[in-house]
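Residue-level structural notes
Letter by letter, the chains look like this.
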Amino acid sequence: MRNQIRSMQWRFSKRQSLFAVSAFVWLGFFVLFNLYCVFWREYAAGAQYNFADSLIWFGKEWGGWLVATVPLILALNASRQAGYLLLGVAINGCFVVIFVMAVRIMLDTGEFGQASYIRIIIEQMPKHASALAIFVAIWFYLGGQRPSQSIASEYQPSMTTDEPCEALFIVAENQGIERQVAIADIIRIQAAKNYIDIETNDAHYVKRATLKHIADNFAASDLQQVHRSFIVNLAKVAQLRKNSNGGTLVVMEDGSAVPVSKSYAARLKQRLM
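Okay, so let's go over this structure. Bear in mind that the values here come from a model prediction, so they are computed numbers and not experimental data.

Inspection of the secondary structure assignment puts asparagine 77 in helix 2 (residues 51–82). Taking C-alpha positions, asparagine 77 is 9.1 Å from glycine 88, a pair spaced eleven residues apart along the chain.

Structure follows, in C-alpha cells:
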C-alpha cells in the first residue's frame, strides 16, 4: 500500500511539473509575442503599441491552443499508458488542430476578408501543424518519454536509517504498457543488449536498462547478480548444484537453472547462508 501511495505521489508530482512547465512556456511565448507587437507597431507599421490590442490578437491567434493545452497533455499521457502513443499523437493532434482552427475562424473579425473556409484552413494549417509538432516535441522532452531509470531510487528509504529496506518495484513494460513489477515477484532478470528481460511467474517485462544499474540500485534487496547476463531473486532460489563441466548452477523454484560465474559464486553462497 505504501508503495502504491508513493507511486501515485510520483506520478502526480510529474504531472504537476509538466503543467507548470507548460504554463511557463506559454508565459514566455506571450512575452515574445508582445515584443514582436512592439517592434511591428513602432517600427514597421508606424503606429503606437497598445497592450489591449495585443492581448486580443493573442487570444484570437492562440486562444484555442491555450484551451487545448491541458486536455492534449492528458490525452497524450493516456495514450502512452495505453501503449498506443503514435496513434494517440496522430488522432489527438488532428482533433486539436481542427479545434484551434475552428476557434480562429469563429473569432474572425474581418482579417480573412471574403476568403472561403477552405482557403483559410489552407493558410492556417502550416502554422498550427508546426505548433502541434513543437508541442509534442516539448511534451516528449519534458515528461512524456518513458523514464530510462527505475523509480526505485526515488522511493528507496534512506540507507542512513535503521529501517529495513522495503520490497520495492521496477517500472517495466509488458505489451507496450508500463507496469510496476514487485521485487518479490521477480524470478530472474536477463540482459538483452540495451534492455533487460524481467521474468516473473506470470509474465515477462522489458526495460531499457543494464544489469549493473539494477544490481547497484537494488543492492539491499534479494536481487543478486550471478552472471554477466543474469540476476536472480535469492528468495526464489531452490538450490545450488554443479553442472557437467564442474561449474555452478543456481536452480530456481520453477525448476529453471541459471549459470553462476566464478566471480559471483562466493558472494552468492555468502548471501544464501
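That covers the picture; the talk isn't over yet.
Turning to a nonpolar patch on the surface, a few remarks are in order. A surface patch of nonpolar side chains, amounting to about 380 Å² of accessible area, comprises Phe24, Val25, Ile134 and Ile138. For the nonpolar patch, the secondary structure elements donating two or more residues are helix 1 (2–44) and helix 4 (117–144).

Before going further, it helps to spend a moment on the sheet that holds strand 10 (residues 257–260). Spatial strand order, 8-9-10: three strands in an open sheet with antiparallel pairing. Where the open sheet ends on each side, the last strands, each with one partner, are strand 8 (237–242) and strand 10. On average, adjacent strands in this sheet sit at an angle of 30° to one another, irrespective of strand direction. Bridge count for strand 9 (residues 248–252) against strand 10 is four bridges, and the pairing is antiparallel. Looking at the pairing, threonine 248 lines up with valine 260 of strand 10.

As a further point, take the side chain of histidine 227. Tracing the backbone through its elements, the reader meets histidine 227 in strand 6 (residues 223–227). Residue contacts for histidine 227: discarding those within four places in its chain leaves Leu211, Pro259, Ser261 and Tyr264.

Two side chains bearing opposite charge may form a pair once their charged atoms approach each other closely. Counted under the stated rule, the structure contains five salt bridges. Between glutamate 61 and arginine 104 there is a salt bridge, with its nearest N and O atoms 2.9 Å apart. Here the residue glutamate 61 occupies a position in helix 2, and arginine 104 occupies one in helix 3 (residues 85–106), the gap between them amounting to 43 residues. Notably, a salt bridge pairs lysine 127 with glutamate 61, separated by 2.3 Å at the nearest N-O pair. On the criterion of sequence distance, the pair formed by lysine 127 in helix 4 and glutamate 61 in helix 2 is long-range, its members being 66 residues apart. Accessibility expressed as a relative area gives 10% for glutamate 61, which makes it buried.

Conventions and cut-offs
Sequence order as written defines residue numbering, which begins from 1 separately in each chain. Note on the predicted model: pLDDT of at least 70 is required for a residue's local features to be given, and 80 or more for side-chain atom pairs to be given and counted; whole-chain, interface and lining totals, by contrast, use all residues. Hydrogens and water molecules were not included; the side-chain quantities draw on all heavy atoms of the structure. Helical segments are the DSSP runs of H or I of at least four residues, strand segments are the runs of E of at least two, and each set is numbered from the N terminus. Patch construction takes residues with relative accessible area above 30% that form no salt bridge. Like charges are linked within 9 Å, and nonpolar side chains (Val, Leu, Ile, Met, Phe, Trp, Tyr) are linked within 5 Å. Accessible areas in this description were obtained via Shrake-Rupley with a 1.4 Å probe; residue shielding takes into account the shown protein chains only. We define a salt bridge as a contact between a side-chain nitrogen of Lys or Arg and a carboxyl oxygen of Asp or Glu at a distance within 4 Å. Here, any two strands with at least 2 DSSP bridges between them count as paired. Throughout, an axis means a line fitted to C-alpha atoms (over the contacting stretch in the case of helices), and angles, computed between N-to-C directions, take values from 0 to 180 degrees. Contacts are residue-level and defined by heavy atoms, with any inter-residue pair within 4.5 Å sufficient. The buried label goes to any residue with under 20% of its type's maximum accessible area, the exposed label to any with over 50%, and the partly exposed label to all in between, with areas taken from a 1.4 Å probe on protein chains only.

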